[in-house]
Structure formats: structure tokens, C-alpha cells
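# Chains, contacts and geometry: an overview
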Protein chains: 2
Amino acid sequence: MKVLMSVTNISEGKNRELINSVADAIKQTEGVKLLEVASDKDHNRSVFSYLGEPLAVLEASKKLVDLSIEGIDMALHKGDHPRMGAVDVVPFIPVRNLDTAEALSIANKLGSYIGAKGVPVYYYEDAATRPERRNLVMVRKGQYEALNAKMSDPAWLPDEGPAIFNAKSGATAVGVRMPLVALNINLGTDDLKIADKIARSVRHLNGGLRYVRAIGINLSEEGMVQVSMNLTNYEKTPVHRVMETVRFETSRYGVSIVSAELVGPVPLGALEEMVRFYLQVHEFSVDQIIETNLLE
Amino acid sequence: MKVLMSVTNISEGKNRELINSVADAIKQTEGVKLLEVASDKDHNRSVFSYLGEPLAVLEASKKLVDLSIEGIDMALHKGDHPRMGAVDVVPFIPVRNLDTAEALSIANKLGSYIGAKGVPVYYYEDAATRPERRNLVMVRKGQYEALNAKMSDPAWLPDEGPAIFNAKSGATAVGVRMPLVALNINLGTDDLKIADKIARSVRHLNGGLRYVRAIGINLSEEGMVQVSMNLTNYEKTPVHRVMETVRFETSRYGVSIVSAELVGPVPLGALEEMVRFYLQVHEFSVDQIIETNLLE
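Here is a short report on the structure shown in this document. From a predicted model like this one, the values you see are computed outputs, not experimental measurements.

By the element assignment, Val 255 of chain A lies in the loop between helix H7 (239-251) and strand E10 (257-263). When sequence neighbours within four positions are dropped, the list of residues in contact with Val 255 of chain A reads Leu 187, Gly 188, Thr 189, Ile 194 and Thr 250 of chain A.

Written out as C-alpha cells, the structure is:
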């Protein structure tokens, strides 16, 4: 069985009727499972996490697009979170038995569907058509309010749809990315400088591991500090390598790791290399796990 | 979703028609997945591995029993493997969202079904009704040929069915057990004495970890020795504890671990405590794994 996930963001966090109708439409799509709906009133934004067979996930995403474009008017939208469209961001995440190329073909199908509705689309991350569009922050820079001017710049012609400002629906970012692994490591010290130094030693930005973003955080209530990390490609920068790098960098200060947290969903594949490393089982495959027989 | 597995052994390894009809009957049972059929002509024995919803697995097992009791005549059976019945051993293995008690109720339902067909049944391992019946070796001691005499001993009255020798079908052992984890650790030495010492230090028999069976093995082609282990309860004796015990016991000889092997199927639950230990993520749950959403 192939499994694709989407964690789609729409610019509506208050209108329960619309939010529920989107959730229902996803749930009612054969072959799709809705994992979570997280709505935030201050952000005026909802995030739908769903997964299933790739074409079924595409189908659910189209329904989400239809309902959101009909029910949201960006000209009236207010919210604290950066946003540029009614359907703001649609990332597709390959979870099982499909690769980036296959996820990309689904992303392109959805992009072209949205474009045909007269809504400009920018592809980002692994779907980006130009290097400067990989980063969502750059794609969304200036937000909805700047879109009209931004599209007149040839560098920001949309990838799909007309290069014409759509006042009601704004624009949509559609992307492909690996599942994130969110790993926080708590250190037995209250010295934030140490967490900062560890974060800098392990993160890509400062010469560390390529697919690691990291910051130091104060956990004042616990009397500890934390290295808070996102691993953006667990295949190329596996979890154990991040863990052991933090461990040896921490030891130089006479500090030890008290505990760690894997936050939110973890892809099964992220455990494969971990088992191989810690148990030295060089040939281990997650397909050996009994339960995977039930996923085929 | 609850998942129960069975790894059922029947005393027929040559008759393809019968073996295929049993395999087909299992496959055609709604809610059951047949993982493997392993037939051995010298043993004259076949092992069917299948899993699914508990009641569906019971249903498939009943079909296997019907076909095997009809198609196998133990009075004519020859084979190298110890055996006492047409349906020789039926272990039920709780894999997901059910406990031993629930697996036991399925084992008892099958046992009573087999008994009602006039075939004596002995419950073993976690289904045993007396301590001396826990060990399958003891239950099967003397094999088919000794059954008639054995059943006249009050200590070996069957748990189900008549205490009357059934010449055609023999007797059946029905049990409940945890999934095994088969872990082999290869040492960077060709000295078998070291592997033997490590095996003795880690196994229950000689004062080691309670749910570990271990032997030292010579891998002469590789120029290495191996500590070959079965972990019979990964919840109470977790994999990392076995690994790290072997590691520190090995280090005293100046020998290191070259590699390891997890042989065959591994239950997902066996990875939970491993991740908690090696990543110090004390709160990790396998339910965080994205793919488990597809198992519900």
C-alpha cells in the first residue's frame, strides 16, 4: 500500500460550519483517514492532517480546495499567522512505498486543479520550480497584501493559474517534503548558553548536519535547557546521528542528557536506521515488523 | 484493531494438495492474512503463519483443523520432527491491542472445538493448566507413539476432548505465547569459548536475564562466533537490555560486537522500549508512528 500524507492549512479558524464541512469531506473520501483538525482562532487558521492512498488524498484535497475557495474571502481575512491564500499551504508528504517523484505528480495535479480555478499557485520545497521558491517563507513573503505587486515581478510569476491577483482567494503554496522528525533534547543544566552552543554545533546553518534545524530553549520551570530540533530528512540525516552528536558535544561541558522528546507523529522509516545503528543490525528492515503485513 | 497471530504446525509436508487447500482456506477467511507457508519434506511438516482479527484467526484455525484432521492419518506418518498429532501445535500470539487473557480465550475456544472432534488437546505455555504443561517439549515427550500409554497416566489427562487414544489424529498442543524476538550477536573473535561464556552470562538458565535463551555458535566461514538468542518476552526483558549486557560482558575480553541480526518477524512493540532507551525519550509510544493510524 502506498501512503501519502497532507497537512493542509486553510485561512479559517473560526467558522465551525466551514471547518466541519471540510473535515467531513475529507473523512468521507474513500481510502483517506483524517488524523487531526487543529483550528486556532487568533491565527484564524485550521490545519487538516490526513493520509491514505495517493489518489484518494488528491481527491480529498480537491474537496478541501472547493469548499475553502467558496467559503473564505481573503479580502476580509484577519489573523496573526502569515498567510497569502484561502487555501494557504498544501504540503504532500510521502509516508510509505512512494518516493518524492510520485508525491510530486500528485502535487502537480492539485496545483493545476487550483490554477484552473483562477487561483495562482506557487510550488515550494521539493516541488519548487526555482531554487528561490524552495523556502515557504520566501514564497509567502509580503503575504496576501503584497500579492498583487509581487505577481507583476517576472521572478514571481505563478507556477500555475493566471498571474492576476485573485482578491477572494489569494494564492496557494503547494509543496512536497519529507516527514519531519521533531526531536527535543533536555540537558542537565540551566545554562542557556550551552544549549545555544550545542544547537549551533549540530545545525546546518552553522556547519552542522545538513537536515537539522536547531535552537536552544530555556525550560525555566524544569531548571533545564533544551536543544529543540527539526530533522527535515531522516533518511539523509538519521536520528541517531543527531542524538549522538548532541551527546558528544554536551559531554565536553560535563553536562549530560536528562531526557528527550519525539514530538508528534514519527514516520516508521525513521526507526529503521536507528535500530540498525544501536543494535548493529546492519540488515534490519522495517518490513520485518509484523504489523507492516497489515499495511500492504 | 486487534491483531492475533498464529504459527500453526501440521504433520504434513509432502501432500501439496492438502497443504494448498489449507493455505487457500486461511487466505479466504475474511479478516485474515496468510504470511507464510513453510513445508519441509524431511520433517513431513508444514508451518502456517497467519494473522488478523482474533475471531477471524480462530475461524481460519478451525478450517485448518477440519482439513488436517480429515486429510492426515497419523498412523501412517513418518517425519524427522517431533510430533504427536495431525494438527500438532497451535500457538496464538497477541500482536496488537490484545493481551494474553484475550488470546487465551481464543485458544480455549479452538481447544474445545478440537476436543469436540474427539481429538485430545493439551494447553501449553501461557495457556497451560498445570506448571508441568507449560513446556511444549514435556507435553510432546514420547510423541505420537507414546500417547496411548501417556493418557492413562492421570497426570496427562488431556485438557479437552476424550482421554482416549485417537489413532488417526493423535493429540494437539494449543498454546498462547508472546511473539519471540530472535537476536543474534556476532563477535569479533573466532573463540567459541567466549561466545559460550557470554551466552551463559545473559541467559536465564545460568542466572542471567529471565526471558533469554542463548547459545554460543561457531560461524567458521566468517571467522566469528555468535551469541544466538531468543527473547521470549520483550516487554519484561527488553531488547536493549540484552544488547547492552552482551556488550559489557564482551568488552571484558577485549572483544567487540561486529554486527547483529534480528531474524524473522519483529513485533512493533519490541521497538518501543528500544527507542525510549537509546534516545532517552522516556514517553515514546509506538502509537506516535504515523503508519499505526492505518491499523486502527
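A surface patch of negative charge is lined by Glu 221, Glu 222 and Glu 261 of chain A together with Glu 283 of chain B. Considering the arrangement of structural elements, one finds Glu 222 of chain A in the loop between strand E8 (212-219) and strand E9 (224-231). By relative accessible area, which is 51% here, Glu 222 of chain A ends up exposed.

This brings us to unusual backbone geometry. Residue and element names in this part refer to chain A. You will see that Glu 125, though not glycine, has its phi angle at about 45 degrees, which is positive. With respect to the element layout, Glu 125 can be found in strand E5 (residues 121-125). Given a relative accessible area of 23%, Glu 125 falls into the partly exposed group.

Residue and element names in this part refer to chain A. Taken together, the side chains of Lys 14, Arg 16, Lys 41 and Lys 78 define a basic patch exposed on the protein surface. Within the secondary structure, Arg 16 sits in helix H1 (residues 16-27). Judged by its relative accessible area of 43%, Arg 16 is partly exposed.

Ranked by internal contacts, the top residues of the largest apolar core, which has 75 residues, are Leu 187 and Met 229 of chain A together with Leu 187 and Met 229 of chain B. Aside from chain neighbours lying at most four places away, what touches Leu 187 of chain A is Ile 194, Ala 195, Ile 198, Met 224, Val 225, Val 227, Thr 250, Val 255, Ser 256, Ile 257 and Val 258 of chain A.

At the junction of the two partners, chain B supplies 41 residues and chain A supplies 41 residues. Summing both partners gives a buried area of about 3700 Å² for chain B against chain A, and 69% of it is carried by carbon and sulfur. Three residues, Leu 279, Ile 290 and Glu 291 of chain B, lead the burial of chain B against chain A; their summed loss comes to 19% of the area buried on that side. Connecting chain B to chain A are zero salt bridges. If you look at where chain B meets chain A, you find 20 residue pairs in polar contact (both at pLDDT 80 or more). Listing elements by their share of the side of chain B that touches chain A, those giving two or more residues are strand E1 (3-10), strand E2 (32-40), strand E4 (87-96), helix H7 (239-251), strand E10 (257-263) and helix H8 (269-278) of chain B. With seven residues, E10 of chain B is the single largest residue contributor to the side of chain B that touches chain A. Looking at the side of chain B that touches chain A residue by residue, the class counts come to 29 nonpolar, six polar and six charged.

Take the packing of helix H1 (residues 16-27) of chain B against helix H2 (residues 54-71) of chain B next. All names here are of chain B. At a closest axis distance of 9 Å, the pairing of H1 and H2 adopts a crossing angle of 160 degrees. Of the possible angle classes, the one that applies to H1 and H2 is roughly antiparallel. As H1 packs across H2, the resulting crossing turns out to be right-handed. Contact with H1, carried on its side by Leu 18, Ser 21, Val 22, Ala 25 and Ile 26, involves Ala 60, Lys 63, Leu 64, Leu 67, Ser 68 and Gly 71 of H2 and no other residues of that element. Within the contact of H1 with H2, the residues separate by chemical class into seven nonpolar, three polar and one charged.

Basis of the calculations
Residues numbered from 1 in each chain as written. Chains lettered and ligands numbered in written order. Predicted model: local features only at pLDDT ≥ 70, side-chain atom pairs only at ≥ 80, totals over all residues. Heavy atoms only, no water. Helix = DSSP H or I, 4+ residues; strand = E, 2+ residues; numbered from the N terminus. Contact = heavy atoms within 4.5 Å. Patch = residues over 30% accessible without salt bridge, like charges linked within 9 Å, V, L, I, M, F, W, Y side chains within 5 Å. Areas by Shrake-Rupley, 256 points an atom, 1.4 Å probe, with all protein chains shown as cover. Salt bridge = Lys/Arg side-chain N within 4 Å of Asp/Glu carboxyl O. Lys, Arg positive; Asp, Glu negative; His and termini not counted. Charge placed at Lys NZ, Arg CZ, Asp CG, Glu CD. Buried < 20%, exposed > 50% of the residue type's maximum accessible area, 1.4 Å probe, protein only. Core = buried A, V, L, I, M, F, W, Y, C linked by side-chain atoms within 4.5 Å. Buried area = accessible area lost by both parts, 1.4 Å probe. Polar contact = N/O pair within 3.5 Å; in protein donor to acceptor, adjacent residues only side chain to side chain. Nonpolar A, V, L, I, M, F, W, Y, C, P; charged D, E, K, R; others polar. Axes fitted to C-alpha atoms, helices over the stretch in contact; angles between N-to-C directions. Parallel < 35°, antiparallel > 145°, perpendicular 65-115°, else oblique. Left-handed = near helix turned anticlockwise from the far one by under 90°.

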